[in-house]
Amino acid sequence: MNAVKVVETLKQRFPNEPEYIQAVTQVLGTIEEEYNKHPEFDRANLIERLCIPDRVIEFRVSWVDDKGNVQTNMGYRVQHNNVIGPYKGGLRFHKSVNLGILKFLAFEQTFKNSLTTLPMGGGKGGSDFSPRGKSDAEVMRFCQAFMTELYRHIGPDEDVPAGDIGVGGREVAYMFGMYKKLTHQWNGILTGKGLEFGGSLIRPEATGYGNVYFLVNMLKTRNIDIKGKTVLVSGSGNVAQYTIEKCIELGAKVVTCSDSDGYIYDPDGITREKLDYIMELKNIERGRIREYAEEYGVKYVEGAKPWFEKADIALPSATQNEINEEAAKALVANGVIAVSEGANMPTTPEAIKVFQDAKILYSPGKAANAGGVAVSGLEMTQNSERLSWSREEVDAKLHDIMNDIHANCVKYGTEADGYINYVKGANVAGFLKVAKAMMAQGIV
Ligand SMILES: NC(=O)C1=CN([C@@H]2O[C@H](COP(=O)(O)OP(=O)(O)OC[C@H]3O[C@@H](n4cnc5c(N)ncnc54)[C@H](O)[C@@H]3O)[C@@H](O)[C@H]2O)C=CC1
Ligand SMILES: O=C(O)CCC(=O)C(=O)O
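Residues numbered from 1 in each chain as written. Chains lettered and ligands numbered in written order. Predicted model: local features only at pLDDT ≥ 70, side-chain atom pairs only at ≥ 80, totals over all residues. Heavy atoms only, no water.

Participant: Hey, could you run me through the environment of A314 in this one?
Facilitator: For A314, the position within the fold is in strand β10 (residues 313-315). A residue is classified by how much of its surface remains accessible, and A314, at 0% relative accessible area, is buried. For the pair A314 and V231, spaced 83 residues apart in the sequence, the C-alpha separation amounts to 5.7 Å. In this view, A314 contacts L232, W307, L331, V336, A338, V339 and S340; residues no more than four positions away in its chain are not counted. (Helix = DSSP H or I, 4+ residues; strand = E, 2+ residues; numbered from the N terminus. Buried < 20%, exposed > 50% of the residue type's maximum accessible area, 1.4 Å probe, protein only. Contact = heavy atoms within 4.5 Å.)

Quick look at the structure:
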């Protein structure tokens, strides 16, 4: 396999999908050497079959807004690869959603899910509908309309969606209700459900907690303690909130968080009480992060990202490509020692090079944020067993899974000089399991 040639071919076939091409380029560049040790992979044209999704479902979603106007959005589900388990991955509701973005997310999800050690394939879906500014009733009607098509394509052994940007407990619950209405079945067809109807304890916390567990493992390789470290977090949604919570618990000081309008800088650190304020503001009032600055009298920077503030650790937890080369250079110049991705692909390829050239600890999302989907996998297991596990039990399993992913990254990513290339480690470890399963199952 020649990674450059494969990417060129994909670019010609899918010229309008830059995020998908970016994700594929990143993975192929790091697995090429391992792939070429297995001539049987090439004979089976494994690489093309692994890069191109099994199936893309695209549909119109029509719904009625509060003024009685009929609105139309696009709905999608990308079922990327199911060799190791049912398709699994979140749904994103955001105005920026398009097929290329969901293809990148579904491709990444396949490797991430493989890393979790659980039997889950990769998928992703969503819509260009944005819940922001919509009433609760509008969100409900949209979710119901979305499910009237999606329900045909999902199932507990077929495809199990969950949340992502713009899809939290509220949206999952509305979609679950409609699925039940349409099918007359109670099935664990979505994860991230409410605790009263099959959700797992720790699922809301899992992505943020998991990222911090992974970070602690990375820091350990250099005998560094997270306690007392200053942390930059971006975003203020699900992943950011529980990342901040775990950082506080472990004695780190988080000084920033953000939304798509700007970021706040709190030099004293976000405390438990201030985090409760953020959770209320974002999850219930659905307000803007600017209001935090007004409430606590701290700096708010409109239209900017937090990466130019000084800190020891950066945990991007908002969206793709939010750290560019300039931001990466600023982070390194300011002495950052670790960057661990809560978001999916938040760092551009140029910025990754800056981190790796500076030999700082840097982990890609498919390893560091895998805790969310891992606990989704545990939710599926609990639903199948018709049992609910305790908080302690799920958290212990999450801890074990993150430790295991870290160990796999070290195994496959340690370079001759001892530097751990977590990108290579995660990609090779995730790839090998999927590749072996694909080879075993033949050309299908
Ligand atoms: N929710 C989960 O379990 C998992 C989420 N992720 C990833 O984590 C990231 C955040 O997701 P969630 O916290 O679940 O979503 P969310 O909807 O709860 O929060 C998203 C946050 O990102 C901000 N944001 C969105 N688009 C932005 C933009 N263009 N510029 C700046 N800020 C922007 C929003 O204002 C919000 O604060 C995404 O990349 C998602 O794919 C990854 C693994 C699992
Ligand atoms: O919990 C899940 O199934 C999906 C989580 C997700 O979308 C992700 O890992 O990016």
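Participant: Help me understand the packing of helix α16 (residues 391-413) against helix α17 (residues 422-441), please; the structure alone is not making it clear to me.
Facilitator: Axis angle and axis distance: for two packed helices, these are the angle between their axes and the distance between the axes, and together they describe the pair. Put simply, α16 and α17 touch, their axes get as near as 7 Å, and they point 100° apart. When the axes of α16 and α17 are compared, the pair comes out roughly perpendicular. Seen from α16, the contacting residues are H406, N408, C409, Y412 and G413; seen from α17, they are Y422, K424, G425, A426, V428, A429 and L432. When grouped by side-chain class, the residues that make up the contact of α16 with α17 number seven nonpolar, four polar and one charged. (Axes fitted to C-alpha atoms, helices over the stretch in contact; angles between N-to-C directions. Parallel < 35°, antiparallel > 145°, perpendicular 65-115°, else oblique. Nonpolar A, V, L, I, M, F, W, Y, C, P; charged D, E, K, R; others polar.)

Participant: Would you explain the sheet that holds strand β1 (residues 55-64) in this entry?
Facilitator: Whether parallel or antiparallel, the strands of a sheet pair through hydrogen bonds between backbone atoms. Judged by pairing direction, the sheet is mixed, and its five strands sit side by side in the order β1-β2-β4-β3-β5 without closing on themselves. Edge positions in the sheet fall to β1 and β5 (159-162), since each of these pairs with one other strand and no more. Within this sheet the neighbouring strands show an average axis-to-axis angle of 20°, counted without direction. Relative to strand β4 (residues 122-127), strand β2 (residues 70-81) runs antiparallel, the two being bridged by six bridges. Across the sheet, the residue bridging to R77 is G125, located in β4. Those strands touched by helix α5 (residues 99-115) are β1, β2, β3 (87-93) and β4, and its axis lies near 150° from that of β4. (Pairing = 2+ DSSP bridges.)

Participant: Any chance you could explain the site of ligand 2 here in plain terms?
Facilitator: Near ligand 2 lie 14 residues; those nearest to it are K88, K112, K124, R203 and S376. In the model, an oxygen atom of ligand 2 is placed 2.7 Å from a nitrogen or oxygen of the K124 side chain. The contact in question runs from an oxygen atom of ligand 2 to an N or O atom on the side chain of N344, over 3.0 Å. Notes on ligand 2: free accessible area 290 Å², of which the protein chains cover 95%. (Near = heavy atom within 4 Å. Polar contact = N/O pair within 3.5 Å; in protein donor to acceptor, adjacent residues only side chain to side chain. Areas by Shrake-Rupley, 256 points an atom, 1.4 Å probe, with all protein chains shown as cover.)

What is shown is where atoms sit, not what they do.
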